[in-house]
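Spelled out from the first residue to the last, the chains are:
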Amino acid sequence: METPLREPTFLILTALAGEPLHGYGLITEVSRLSDGRVTLRPGTLYGALDRLVDAGLVEVDHEEVVDSRLRRYYRLSEQGGQTLVEETERMRRNVEAATERLRKIPRLNEGWA
């Protein structure tokens, strides 16, 4: 999978870095992580999960039956964890560079730490 990752993909991997989650748990966690900016619909989520599984970034952790329905839990794979580390570092460097440049603009410094 190429970087930079799209924001929904980055957030899915981030959500799975905490613990294995099922679909609704992922939708909820991605919304929480993004302060409600990113809302995944089930069709979008499961399409993304299929691509992430195919790319080796996410794995099926386990399945259970709840209310006569199969609930599949996903976890971050080792490769997915490494991709998340690399993407986080890339983004950190970009934010650092932008912050440094913005500090040089006097009118924007008000309110910046």
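As the structure is a computational prediction, the values presented were derived from the model and not from experiment.

Peer 1: How should the sheet that holds strand S3 (residues 69–76) be read in this particular structure?
Peer 2: As a general point, the strands of a sheet are linked pairwise by backbone hydrogen bonds and lie either parallel or antiparallel. The sheet built from three strands is open, its strands ordered S1-S3-S2 with antiparallel pairing. Unpaired on one side and paired on the other, strand S1 (21–22) and strand S2 (58–66) mark the two borders of the sheet. Note that S1 and S3 share two bridges and pair antiparallel. In the sheet register, His-22 faces S3, and the bridge partner there is Tyr-73.

Peer 1: Looking at this structure, I do not really get the environment of Arg-75. What am I missing?
Peer 2: The topology assignment puts Arg-75 in strand S3. Put simply, Arg-75 and Asp-54 are 21 residues apart on the chain and 13 Å apart in space, counted from C-alpha to C-alpha. When sequence neighbours within four positions are dropped, the list of residues in contact with Arg-75 reads Leu-16, Pro-20, Leu-57, Val-58, Glu-59, Val-60 and Asp-61. Looking at Arg-75, its side chain comes within polar contact range of the side chain of Asp-61, at 2.8 Å.

Criteria and cut-off values
- Residues numbered from 1 in each chain as written.
- Predicted model: local features only at pLDDT ≥ 70, side-chain atom pairs only at ≥ 80, totals over all residues.
- Heavy atoms only, no water.
- Pairing = 2+ DSSP bridges.
- Helix = DSSP H or I, 4+ residues; strand = E, 2+ residues; numbered from the N terminus.
- Contact = heavy atoms within 4.5 Å.
- Polar contact = N/O pair within 3.5 Å; in protein donor to acceptor, adjacent residues only side chain to side chain.

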